[in-house]
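# Structure assessment
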Amino acid sequence: MGLGVRWTLHGDGRTPAPGAVVKPDERLSWPRTVGLGAQHVVAMFGASFVAPVLMGLDPNLAIMMSGVATILFLVATRGRIPSYLGCSLSFVGVAAAIRAQGGGSGAVTGAILVVGGVLLLSGLAVRTFGARIIHAAMPPVVTGAVVMLIGFNLAPVTAGTYWPADQWTALLTMLVTGAAVVCLRGFWSRIAIFLGLVFGYALSWVLDRVFGKIHSVGGGGRITDHWRLDLSAVGKADWIGLPSLHGPSFHWSAVLVALPVVIALIAENAGHVKAVGEMIGDPLDDQLGTAIAADGAATMISTSVGGPANTTYSENIGVMAATRVYSTAAYWAAAGFALLFGLCPKFGAVVAAVPGGVLGGITVILYGMIGLLGAQIWVHNKVDLRNPLNLVPVAAGVIIGVGGVSLKISDNFELGGIALGTIVVLLGYHVLRALAPAHLKRQEPLLDAGTSEYDNERPA
């Protein structure tokens, strides 16, 4: 397939034949392909612009670099894996922890750049030695625990920063977003977070017109009288221009906080590759290492100029499932749209103006969902938490990660939160497994939730 940029026309180019799917190396007519690309942009939009806002990074740059990352991923996988690489929410807690230690945006992106490098090396290792090396080190009990503590570690950010900015807007936004997630169907359910943000945005504008300014925590972290929705920066922003760039800076304390997220990113990529392979009827297991490595390289490029990490997006799987179109041509179109959005500073100003109360309502659901994905990994892989070999390291690590327990090594170095929790889960599990009696060492599934059939023989 070369670089994966040549597609054959599927049928008449209008709609897939009954029971058929448009495969990655096929496409519909170009107008329809571009339209599908726009749908993919909308699907990724909610999380991709929430992530940089929550991390204190430039949303324009984040959207632009997601387009660059998607192009790199499509080329690296030679067009075999249809995927959009959007901004990863897994690093929101990392950014909050680094900033709480006094680190700036450079320290945040520097730490994530190192994670991208580790992810790249992990992908190359998988290509060389196979997926077993990852799953031997990170069985489902460990992967689930780390994903859980990454999500739940964010709870204080919502409770202490976003929710107090406007509790009633936060409450109503939470209710509407939750209703959208549960009650809507198909494509609309995939963009429920985005719809909740639009509702909260509009509600804040209405409340400002009706009740005037609110007395609460403002953008500077002080309690003042301020507008819920401040659009003053939108009017000053240009329609066309480059986003703001900055270089990374490297601090060991920040890097150690960020490194555990490698586990979550590997799990996300593995799940995406397996799911897409099953949906198109073409096993893509041989592409797992390439996908992980491409994600790592894309993250390094993004963070080197001040952008966030990127990862494969499950939101876009929903669009493909609904349309039965898995053409990578649509993702090239989506990447093009993202690059154009990134060149519009006015768009970035609109995104940056999202009120704190709105973020409060969204993050209550969003952070909880991230955490509970860890429990989903346990359930899917039938992890037995009655076994003390599983229960003890998980219990200790999750409480350390969620509660913000810290371990002071020296006057200038301290481990805590996500980093310490992950170390306790990972090392604790393997050390206890080496010491445990034989009857506790039950056979663990080799793979995580996304790739539980990797080593099974597929029927002919």
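Residues numbered from 1 in each chain as written. Predicted model: local features only at pLDDT ≥ 70, side-chain atom pairs only at ≥ 80, totals over all residues. Heavy atoms only, no water.

### Topic: the overall build of the protein chain
- Helix and strand counts for the protein chain stand at 20 helices and 8 strands.
- Counting every position in the protein chain, which comprises 460 residues, the buried fraction comes to 53%.
- Across the protein chain, every contact between residues at least 6 apart in sequence was considered, and the portion connecting residues at least 24 apart equals 79%.
- Carbon and sulfur atoms form 66% of the exposed surface of the protein chain, whose accessible area is close to 19600 Å². (Helix = DSSP H or I, 4+ residues; strand = E, 2+ residues; numbered from the N terminus. Buried < 20%, exposed > 50% of the residue type's maximum accessible area, 1.4 Å probe, protein only. Contact = heavy atoms within 4.5 Å. Areas by Shrake-Rupley, 256 points an atom, 1.4 Å probe, with all protein chains shown as cover.)

### Things to note about the pattern of salt bridges
- In total, this model carries 4 salt bridges according to the counting rule given.
- With its nearest N and O atoms 3.1 Å apart, the salt bridge here joins D208 to R228. Remark: R228 occurs in the loop between strand 5 (223-226) and helix 11 (232-236) and D208 occurs in helix 10 (residues 192-211); sequence separation between them is 20 residues.
- For D384, the salt bridge goes to R386, with nearest N and O atoms at 3.0 Å.
- A relative accessible area of 74% places R386 in the exposed class.
- Each of the salt bridges in this network shares a partner with another, and the network as a whole consists of D166, D208 and R228. (Salt bridge = Lys/Arg side-chain N within 4 Å of Asp/Glu carboxyl O.)

### Concerning the packing of helix 8 (residues 167-183) against helix 18 (residues 356-380)
- For the pair helix 8 and helix 18, the least separation of the axes is 7 Å and the interaxial angle reads 45°. The angle between the axes of helix 8 and helix 18 places the two elements in the oblique class. You can see that helix 8 and helix 18 cross each other, and the crossing is right-handed. Across the interface between the two elements, T169, A170, T173, M174, T177 and G178 from helix 8 touch G357, V358, G360, G361, I362, V364 and I365 from helix 18. (Axes fitted to C-alpha atoms, helices over the stretch in contact; angles between N-to-C directions. Parallel < 35°, antiparallel > 145°, perpendicular 65-115°, else oblique. Left-handed = near helix turned anticlockwise from the far one by under 90°.)

### Examining the confidence of the model for the protein chain
- Overall, the prediction assigns the protein chain a mean pLDDT of 81, with 89% of residues at 70 or greater.
- This model gives residues 445-460 a pLDDT under 50, and the stretch forms 37 contacts once residues within four places in sequence are excluded. (pLDDT = per-residue confidence, 0-100.)

### Let's talk about the side chain of N310
- With respect to the helices and strands, the residue N310 is situated in strand 6 (residues 310-312).
- On the basis of relative accessibility, which here comes to 0%, the residue N310 falls in the buried class.
- Apart from the residues lying within four places of it in its own chain, the contact partners of N310 are M65, S66, A69, L85, G86, C87, S88, D295, A298, T299 and S302.

### Examining unusual backbone geometry
- Phi at R78 is positive, roughly 55°, even though this residue is not glycine.
- Structurally, R78 is set in the loop between helix 2 (59-76) and strand 3 (85-87).
- Take R78: its relative accessible area is 47%, and that puts it in the partly exposed class.
- Even without being a glycine, K382 presents a positive backbone phi close to 55°.
- Within the fold, K382 resides in the loop between helix 18 and helix 19 (388-403).
- Judged by its relative accessible area of 73%, K382 falls in the exposed class.

### Quick look at a nonpolar patch on the surface
- On the surface, a nonpolar cluster with roughly 510 Å² of combined accessible area is contributed by W205, V206, V210, F211 and L231.
- By secondary structure assignment, the location of V206 is in helix 10.
- Looking at V206, the relative accessible area reads 38%, which means it is partly exposed. (Patch = residues over 30% accessible without salt bridge, like charges linked within 9 Å, V, L, I, M, F, W, Y side chains within 5 Å.)

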